[in-house]
Amino acid sequence: MQQTRVMSPSRWAPYVVLALLLPLSLLQLRLTGHWLADVIARPAGMTRTQLRNEASPDFQMFATAGSLALRGQPGRDYSKNPAQAINARFGRAPSPWLYPPPVFLITPLATIGGFRVGFAIWTLCLLALAVLVLRWAGVAWVPITLGLASPASMWSLNLGQFAFFADAMLLASLLTLDRAPLRAGALIGALIVKPQTALISPFILLAGRHYRVFAAAAAGAMALAAITTLVFGWAIWQGFFAAGMATQRAILFAPFPAGGQIWGVSIFWMLRSFSLPVSISLAGQALGAVSAVVWGAKLWRDQQFDPLNRAAITICLTLLITPYAYTYDMSGYTLALAALVWRARRLTIADVALLMWPAIGPNICILLHAEITPVILLWAALRAREASAAAATRQPADLRQMFRGEAP
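Quick caveat, the model's predicted, so the values are computed rather than measured. (Residues numbered from 1 in each chain as written. Predicted model: local features only at pLDDT ≥ 70, side-chain atom pairs only at ≥ 80, totals over all residues. Heavy atoms only, no water.)

Novice: It is not clear to me how the overall build of the chain should be interpreted in this structure. Could you clarify?
Specialist: Check the secondary structure of the chain and you find 22 helices and zero strands. Looking at the chain residue by residue over its 408 residues, the buried ones come to 52%. Partitioning the intrachain contacts of the chain with sequence separation of at least 6 by distance along the chain shows that 74% fall at a separation of at least 24. Accessible surface computed for the chain: about 18100 Å², of which carbon and sulfur atoms make up 68%. (Helix = DSSP H or I, 4+ residues; strand = E, 2+ residues; numbered from the N terminus. Buried < 20%, exposed > 50% of the residue type's maximum accessible area, 1.4 Å probe, protein only. Contact = heavy atoms within 4.5 Å. Areas by Shrake-Rupley, 256 points an atom, 1.4 Å probe, with all protein chains shown as cover.)

Pasting the structure below:
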């Protein structure tokens, strides 16, 4: 008599848990969802200004920056008072402008067709570019879809942020360093628009002797900086290093949990959540950053290390280096984890917890008054390192198949 095979709960339970938790991702769209609902059916008495103010303050900031860029004004307004230029456009003051000047090169996207259409064009164009870059790097559709559906990516889209786009470029560059060094370097250089995303890159490139990638990244970053200067003038850099960085410091050093720090993911904010002073928190952040750089350098000196696991660990490490990062900056982290799960063709409860953490973490932070995401990042990095040993035992042809997302 043929026996019926019973699937172990450890095989199917994670999929059930993931299905139950995935609606948490949709909750990350609550801000944009509420705004779009009022756009479709505007409540009686609501003015256009009030309606626009319901949109993400982050996107309001990008839309205004794009408008200033098109009028050739960001250099003057940025150098005088970037917050004043941004706030003058709205009935209430959104977040002050603190992004590096090269971001002005892409913000005109947010102005095409007006405010509402601009939101769609800005979001969809950056999303399409991110997907194209990931597909060029060989990432399969399943991990791309799961990464996009994750809470971190949904929160990025909700705010009109470009974290998913930047993190996709970082992941793609890490996966293609060996087979397309110049293009991988160009992607890293383009991250001058969000430099904290690629803070670890100089150290790993030099440690791994990827000198062509390093040169291409440096050339790309300098080219974007030069174009920014030619278009907007030197004053825009003066404004960034004066007013822009002053705003960054004010947000960074604000008492926890001001400034949305419950969505923070850095070691510095974790230590601040434990009521430690700024000096000790900075020392802890510095120690964590140095440790992450050392780990990353050793990782990239080992040429036999599995490429996908190495990229996943590196993305976790770069989030441990910067003191200024939010849950939407974990978009690359979830993309890398989803790619590892897809290659293994197995989902575990631990994988579900890690993928859904960007939605769970802020709630735990509110409950416990403790931001512990760096611990989760360390856990994810250690799991990726352990999984690499199993991946390294596969035959090279099989590894290439799995890297492309094909069945073994």
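Novice: Teacher, can you tell me more about the environment of I267 here?
Specialist: Considering the arrangement of structural elements, one finds I267 in helix α16 (residues 267-273). Apart from residues no more than four positions distant in its own chain, I267 is found in contact with G284, Q285, G288, L320 and P374.

Novice: Got a minute to help me understand the packing of helix α11 (residues 163-175) against helix α18 (residues 307-321) in this structure?
Specialist: Two numbers describe a pair of packed helices, the interaxial angle and the distance between the axes. Running from N to C, α11 and α18 point in directions that differ by 140°, and their axes come no closer than 9 Å. In terms of axis orientation, α11 runs oblique to α18. At the point where α11 passes α18, the crossing takes the right-handed sense. Facing L170, L171, L174 and L175 of α11, the residues of α18 in contact are P307, L308, A311, T314, I315 and T318. (Axes fitted to C-alpha atoms, helices over the stretch in contact; angles between N-to-C directions. Parallel < 35°, antiparallel > 145°, perpendicular 65-115°, else oblique. Left-handed = near helix turned anticlockwise from the far one by under 90°.)

Novice: It is not clear to me how the side chain of T228 should be interpreted in this structure. Could you clarify?
Specialist: One can find T228 in helix α14 (residues 211-232). At 2.8 Å, the side chain of T228 and the backbone oxygen of L224 are in polar contact. If we ignore the near neighbours within four places in the chain, the residues touching T228 are P101, P102, L105, G233, I236 and W237. (Polar contact = N/O pair within 3.5 Å; in protein donor to acceptor, adjacent residues only side chain to side chain.)

Novice: Would you mind going over a nonpolar patch on the surface with me for this structure?
Specialist: Taken together, W12, V16 and L20 make up a surface patch of nonpolar side chains, about 320 Å² in accessible area. Taking the relative accessible area as the measure of exposure, W12 reaches 42% and is therefore partly exposed. (Patch = residues over 30% accessible without salt bridge, like charges linked within 9 Å, V, L, I, M, F, W, Y side chains within 5 Å. Salt bridge = Lys/Arg side-chain N within 4 Å of Asp/Glu carboxyl O.)

Novice: Even after reading the chapter, I still don't get the packing of α11 against helix α19 (residues 331-344), so can you show me in this structure?
Specialist: Here α11 crosses α19 at 50°, and the two axes come no closer than 8 Å. Here α11 is positioned oblique relative to α19, judged by the angle of their axes. Seen from above, α11 lies across α19 with right-handed handedness. Every residue of α19 that contacts α11 at A163, F164, D167, A168 and L171 is listed here: S331, G332, L335 and A336. For the contact of α11 with α19, the per-class residue count stands at six nonpolar, two polar and one charged. (Nonpolar A, V, L, I, M, F, W, Y, C, P; charged D, E, K, R; others polar.)

Novice: Is there a simple way to explain the nonpolar core in this structure?
Specialist: The nonpolar side chains of a soluble globular protein tend to be buried with one another. Core analysis: the biggest nonpolar cluster contains 109 residues, and F162 and Y333 have the highest contact counts within it. Per element, the largest residue contribution to this core is 11 residues, and it comes from α11. Among residues more than four places away in sequence, those in contact with F162 are F62, Y99, V103, W122, L126, S156, V193 and K194. (Core = buried A, V, L, I, M, F, W, Y, C linked by side-chain atoms within 4.5 Å.)

Novice: Quick question: what am I supposed to make of helix α9 (residues 141-148) here?
Specialist: Because an α-helix packs 3.6 residues into every turn, residues spaced three or four apart end up facing the same way. Within α9, the full set of buried residues consists of P143, I144 and G147. Mapping the buried residues of α9 onto a view down its axis gives an arc of 105°, with all of them on the same face. Looking at the packing, one finds that the buried side of α9 touches α8 (114-136), α10 (151-159), α11 and α19. (Arc of directions from axis to C-beta.)

Novice: Explain the environment of C365 here, please?
Specialist: Structurally, C365 is set in helix α20 (residues 349-368). Considered as a pair, C365 and I262 are 103 residues apart in the sequence and their alpha carbons are 5.8 Å apart. Each residue touching C365, except ones within four places of it in the same chain, is listed here: F256, I262, A370 and E371.

Purely geometric stuff here, so don't read any function into it on its own.
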